[in-house]
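Single-letter residue listing:
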Amino acid sequence: VLQDATLTAAKGLLAILGTRNDSTTVLLDLIDGTTRPRSGQVRVLGGSPEAARPRVVRVSLEAPLPEAMRVDEVCVLSGELRAEPRALARDRLDILGAAGLADRMVYSLSIEERRTVSLAIALTSKADVVLVEEPLASLEPVAPRLAIDALREKAKNACVVATTASSRDAAAIADELGLLTAGTYRPLERELLHVGSGGSGSLRVVVSPSHGKVGAASLVAALSSEDAVARVETAAYSSVASVDPKAAAETIALVIFGPDLVALSRAVTRAIGATRVDVELVEPAPQPLDAIRIALADRPSARAG
Amino acid sequence: MILALARLPLARWTRRRRGWLAALGWSAFATLAAVVARNTGYAAGVDHVMRGSVGVVVLPLLTYGIVSASLGGAGLRASVRGLVALGAPPARAALASVLFAMAASAVACALVSALVCLIAHGHGDPPLLSDLPATVCVAFLAGGAYAAYFGAGSAIGRGAMRGLFLALDWVLGASGGLGAILTPRGHVMSLLGGPLCFDLSRRTSSVLLVVMLGGYLAMAVRLGRMRPR
C-alpha cells in the first residue's frame, strides 16, 4: 500500500526504483486511473487520471494485448483509439527491432515479444505520459539496446515514468531517480546508485576479448595486493549495448568491491597500468537495490527525519 | 470507436474455433429437432420445436456460446484488458464487446428460428407468412436479451457467474414464479406461446425483455468498466 508518496514528474524520464512489493504497480495504477486513492490527490496533465486517460499509455509486465488479432492490426487499432495519424505497423515496431512480429497473431507471441510490441506501440504513440514497468526487462534480445535510445527520445516530448527493481537499468535510462520502499517514495540522488553506505562502492571493469581470461587473471592478481580492494567477482557481461552474442561471450567483466570508492578507483587504475591489460570499460557498478536503501537510511538527513 | 473496439470480439468469433463450433453445433441440433418434428408428423411442428428443444435448450446455449466466444472464454473485464491497454476507455470496450455479442446472438437466434419455422411448419401452425416473422422477431429479441443477461453475468467476478446465470435462468425461468421475471426464459417461452410468465401478459413480457436487454447491458458496462491490471 502506498502511504507516503509525493512526487511530481514533468517531461523527461523518471525512473523509480522498487519492486512490486514496494507498491510500484499501485503507483502506476494511481497515475493511469486504474485505482483511486483513499486519501490524497492524483493529478495527471492538470486533471483527473480518468480525463487524461487517452493521453496516457502504460506498458505493464503482463503486457496484455488483444489475443485474437494480428500484431499489425493491434498497431492500427491502437492508433485509431488515440486518434493518431495512421502509421505502418512495421515502422512502429522497428523502433525496437521487432518489425518481424508484424504478421504474427498476438496469441502466438511469447511474453518477451508481447512486451516488446507493447513498448514499441507506447514509444511510437502520441501519448504525453508513458508508464513503463521494467523498461529493459523481459524484452526481445535486441530490444533493450534500442529501448534506451527510444525511451530517451520519447522523454524529450513526454513524461516517461519507469519503475524497475534494477538499479543498473535505472542508471541507464533515467534523467531523475526515485526510490519506493514499502510504499514510501523518496527522490534519489544519482550518486547513491553508485556510492554505498560509508562511501563504499564497486567498479565494473570489462576486459577486452583480445586479453580475455589471461588478462583478467593478471588484473585480479594485481588487485589482490591493493588494500582498497575488498573482493573481486567475475560477472557475466550482458551489457544492454552488446549486440554480438559471440563477442559478449568472450568478454570478461570483473566487479571490484571496496570500502572507499575513491581509493578503489585509484587502485584499479594502478592495476590496469601495471598489468597493461586492455580494458573496454571501467565504470562504477550500480549498487543493488537493498544496498541503496541501506545507504539512504544511513544518511544523516534520513536519520534526522 | 465502438465499431473499432468491436473488431476484437469479431476476430475472436471468426478466427477461433470456439465461436464457430458453438454456433454450428446448436444450429445443427435445432435443425435436427425440426426435421424430426416434420417426419413425426406433428400438426403444430413449429410450436412443438420452438417451445421444446429450441426455446429451452438452443436459444440459451447458442447465445451462451456466442457470448463466451466473443469474450474469449474469459470474464468481461479480463476480455477487454488488451483493448484498455491500447488506450480504450474500459466502459466503451465493455460496451462494444457486449453489444457485439448481443447483435451476433440476436441474428443467430433469428436465423436458427427461421430455419426451424421453415422445416417444421405443420398444418396446425398459424400461416407461415405470419408465423415466420413472429417467431423470428421473438427469437431475435430473445437472443439479444440472453446475450445482455450473460454479459452481465460475465462482468461479475472473473466471469464464472456467466454459468451461474445460465443455471438461474433454467431454475427460475422454469418455475414461473416471481424469480422468473428477472430471467429471460419465462418471458421467451411466454412469447413463443407457452405458459404466461408470472401471469404477465405477453405484451408485458415483450416489454420486460426489452427492459432486460437494456438493464443487463447497463449492468455489464458498469461492472466491466472497472479496469483490470
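In this text, all values refer to a predicted model and were calculated from it rather than measured experimentally.

## Details of the overall build of chain B
Turning to step 1, where the next piece is worked out: Along chain B, the regular secondary structure elements total 11 helices and 0 strands.
Turning to step 2, where the next piece is worked out: In chain B, the order of α-helices and β-strands from amino to carboxyl end is α-α-α-α-α-α-α-α-α-α-α.
Turning to step 3, where the next piece is worked out: Against the compact-globule benchmark of 17 Å for 229 residues, chain B has a radius of gyration of 17 Å, which places it among compact chains.
Turning to step 4, where the next piece is worked out: In terms of overall dimensions, chain B has a C-alpha envelope of 55 × 40 × 25 Å along the principal axes.
Turning to step 5, where the next piece is worked out: In chain B, which comprises 229 residues, the proportion classed as buried is 50%.
Turning to step 6, where the next piece is worked out: In chain B, once contacts between residues fewer than 6 apart in sequence are set aside, the share between residues at least 24 apart is 71%.
Turning to step 7, where the next piece is worked out: Carbon and sulfur atoms make up 70% of the accessible area of chain B, which amounts to about 9,500 Å² in all.

## Some details on the layout of surface pockets
All names here are of chain A.
Turning to step 1, where the next piece is worked out: Taken as a whole, the largest pocket spans an internal volume of roughly 830 Å³.
Turning to step 2, where the next piece is worked out: Every residue lining the largest pocket is counted, 28 residues in all, and those nearest its centre are Ala5, Leu27, Leu30, Gln41 and Val42.
Turning to step 3, where the next piece is worked out: Contributing elements (two or more residues each) for the lining of the largest pocket: helix H1 (24-32), strand S3 (129-133) and strand S4 (159-164).
Turning to step 4, where the next piece is worked out: Per-element accounting of the lining of the largest pocket gives the leading share, 4 residues, to H1.
Turning to step 5, where the next piece is worked out: Its residues assigned to classes, the lining of the largest pocket comprises 17 nonpolar, 7 polar and 4 charged.

## Some points on the nonpolar core
Residues and elements named next belong to chain B.
Turning to step 1, where the next piece is worked out: In this structure, Val54, Leu62 and Val116 are the most contacted members of the largest nonpolar core, which totals 55 residues.
Turning to step 2, where the next piece is worked out: Elements that contribute at least two residues to this core include exactly helix H3 (17-40), helix H4 (45-70), helix H7 (90-120), helix H8 (128-154), helix H9 (161-175), helix H10 (184-191) and helix H11 (202-224).
Turning to step 3, where the next piece is worked out: With 13 residues, H7 is the largest single contributor of residues to this core.
Turning to step 4, where the next piece is worked out: If near-sequence neighbours (up to four positions away) are discounted, valine 54 is found in contact with Ala30, Val49, Leu59, Pro60 and Val116.

## Re H1 of chain A
Residue and element names in this part refer to chain A.
Turning to step 1, where the next piece is worked out: Counting buried positions over the 9 residues of H1 gives 8, a clear majority of the element.
Turning to step 2, where the next piece is worked out: Where H1 is concerned, the buried positions are Thr24, Thr25, Leu27, Leu28, Asp29, Leu30, Ile31 and Asp32.
Turning to step 3, where the next piece is worked out: Looking at the buried residues of H1, the elements they touch are strand S1 (12-17), helix H2 (49-52), strand S2 (56-59), S3, S4 and strand S5 (176-181).
Turning to step 4, where the next piece is worked out: Trailing H1 by a residue or two, glycine 33 shows a phi angle of about 85°, which is positive.

## Some points on the sheet that holds strand S9 (residues 252-258) of chain A
Residue and element names in this part refer to chain A.
Turning to step 1, where the next piece is worked out: The strand order S8-S9-S7-S10 describes an open sheet built from 4 strands, whose pairing is antiparallel. Sheet topology places strand S8 (231-235) and strand S10 (279-284) at the edges, where each strand pairs with a single neighbour. For this sheet, the mean angle separating the axes of adjacent strands, direction not counted, is 20°.
Turning to step 2, where the next piece is worked out: Sitting on the sheet, helix H9 (residues 212-223) touches strand S7 (201-207), S8, S9 and S10, and the angle it makes with S9 is about 10°.
Turning to step 3, where the next piece is worked out: Across the sheet, helix H11 (residues 261-275) lies against S7, S9 and S10, angled at about 20° from S7, the strand it touches most.

## Brief notes about the side chain of serine 97 of chain B
Residue and element names in this part refer to chain B.
Turning to step 1, where the next piece is worked out: Here serine 97 shows up in helix H7.
Turning to step 2, where the next piece is worked out: The exposure class assigned to serine 97 is buried, which follows from its relative accessible area of 0%.
Turning to step 3, where the next piece is worked out: In this view, serine 97 contacts Pro9, Leu71, Leu76 and Val80; residues no more than four positions away in its chain are not counted.

## Looking at the interface of chain B and chain A
Interface size is commonly expressed as the accessible area that is lost once the parts come together.
Turning to step 1, where the next piece is worked out: Across the boundary between the two partners, chain B contributes 20 residues, which contact 27 residues of chain A.
Turning to step 2, where the next piece is worked out: Residue arginine 12 of chain B is joined to glutamate 67 of chain A by a salt bridge in which the shortest nitrogen-to-oxygen separation is 2.6 Å.
Turning to step 3, where the next piece is worked out: Counting the contacts that link chain B with chain A gives 6 residue pairs in polar contact (both at pLDDT 80 or more).
Turning to step 4, where the next piece is worked out: Grouping the amino acids of the side of chain B that touches chain A by side-chain chemistry returns 10 nonpolar, 3 polar and 7 charged.

Reading the values: the criteria
- Residues numbered from 1 in each chain as written.
- Chains lettered and ligands numbered in written order.
- Predicted model: local features only at pLDDT ≥ 70, side-chain atom pairs only at ≥ 80, totals over all residues.
- Heavy atoms only, no water.
- Helix = DSSP H or I, 4+ residues; strand = E, 2+ residues; numbered from the N terminus.
- Rg over C-alpha atoms; globule rule 2.2 N^0.38 Å.
- Buried < 20%, exposed > 50% of the residue type's maximum accessible area, 1.4 Å probe, protein only.
- Contact = heavy atoms within 4.5 Å.
- Areas by Shrake-Rupley, 256 points an atom, 1.4 Å probe, with all protein chains shown as cover.
- 1 Å grid on protein atoms, 1.4 Å probe; cavity = no way out; pocket = protein on both sides within 12 Å on 5 of 7 lines; lining within 4 Å.
- Points joined across faces, edges and corners; volume = space filled by probe spheres on them.
- Nonpolar A, V, L, I, M, F, W, Y, C, P; charged D, E, K, R; others polar.
- Core = buried A, V, L, I, M, F, W, Y, C linked by side-chain atoms within 4.5 Å.
- Pairing = 2+ DSSP bridges.
- Axes fitted to C-alpha atoms, helices over the stretch in contact; angles between N-to-C directions.
- Salt bridge = Lys/Arg side-chain N within 4 Å of Asp/Glu carboxyl O.
- Polar contact = N/O pair within 3.5 Å; in protein donor to acceptor, adjacent residues only side chain to side chain.

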